[in-house]
Amino acid sequence: MEPAFYRGDLLFLTNPASELYHTGDITVYKIPGQDIPIVHRVLETHDLVQKKKDKRAGLPVQQLLLTKGDNNAVDDIDLYRGIDWLKREHIVGKVRGFLPFVGYVTIAMNDFPQLKYALLGGLGLLALIQRE
């Protein structure tokens, strides 16, 4: 989602059921069958409303989203793998804030497992040495 966010940025997400998404919101979504969530901006929304005469009439019962990456020329419909629109169950959350570069710690530990073991060993050694 460059230039807004870069690899290694830690994102803070919210996903309250009562909140609707709007054009321009930055969302994280996960398509079934894909391992990595995608961070892209909402390009278009469609609110499906209840048409029957009850107390929920006129309120959105389902929201459909179309997204696009800031550096992409076209929307994400090809990334959806046969899904026409994103539904609420595909959305992980809406980005509310971020900390740059903090995520590189977890990326480094996944890319270099030896680093993970060295850090865990070092923490264990510190715990043993600090006993009083």
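Our subject is the structure that appears above.
Structure report, in brief.

## Considerations on the overall build of the protein
Step number 1: From N to C terminus, the protein includes two helices and five strands.
Step number 2: Ordered by position from N to C terminus, the α and β elements of the protein give β-β-β-β-β-α-α.
Step number 3: For the protein, whose C-alpha radius of gyration is 20 Å, the value lies well above the compact-globule estimate of 14 Å for 132 residues.
Step number 4: When the backbone C-alpha atoms are referred to their principal axes, the protein occupies close to 70 × 40 × 25 Å.
Step number 5: For the protein, the residues scored as buried account for 25% of the 132 residues in total.
Step number 6: Considering only residue pairs separated by 6 or more positions, the protein has 59% of its internal contacts joining residues 24 or more positions apart.
Step number 7: Surface exposure of the protein reaches about 9,300 Å², of which carbon and sulfur atoms provide 60%.
Step number 8: Taking the 16 positively charged and 16 negatively charged side chains of the protein as two groups, their mean positions are separated by 8 Å.

## Topic: a nonpolar patch on the surface
Step number 1: A surface patch of nonpolar side chains, about 320 Å² in accessible area, is lined by Leu10, Phe12, Leu99 and Val102.
Step number 2: Tracing the chain through its elements places Leu10 in strand β1 (residues 10–14).
Step number 3: The class for Leu10 is partly exposed, based on a relative accessible area of 34%.

## Quick look at the sheet that holds strand β4 (residues 60–68)
Adjacent strands of a sheet form backbone hydrogen bonds with each other and so pair up, either parallel or antiparallel.
Step number 1: The five strands are arranged β1-β5-β2-β3-β4 in an open sheet whose pairing can be described as antiparallel. Every interior strand has two partners, whereas the edge strands, β1 and β4, have only one. The sheet shows a mean angle of 55° between the axes of neighbouring strands, taken without regard to direction.
Step number 2: Looking at chain direction, β1 and strand β5 (residues 91–99) are connected through five bridges and run antiparallel. When the bridges of β5 are listed, Leu10 appears paired with Leu99.

Thresholds, definitions, all that
Residues numbered from 1 in each chain as written. Predicted model: local features only at pLDDT ≥ 70, side-chain atom pairs only at ≥ 80, totals over all residues. Heavy atoms only, no water. Helix = DSSP H or I, 4+ residues; strand = E, 2+ residues; numbered from the N terminus. Rg over C-alpha atoms; globule rule 2.2 N^0.38 Å. Buried < 20%, exposed > 50% of the residue type's maximum accessible area, 1.4 Å probe, protein only. Contact = heavy atoms within 4.5 Å. Areas by Shrake-Rupley, 256 points an atom, 1.4 Å probe, with all protein chains shown as cover. Lys, Arg positive; Asp, Glu negative; His and termini not counted. Charge placed at Lys NZ, Arg CZ, Asp CG, Glu CD. Patch = residues over 30% accessible without salt bridge, like charges linked within 9 Å, V, L, I, M, F, W, Y side chains within 5 Å. Salt bridge = Lys/Arg side-chain N within 4 Å of Asp/Glu carboxyl O. Pairing = 2+ DSSP bridges. Axes fitted to C-alpha atoms, helices over the stretch in contact; angles between N-to-C directions.

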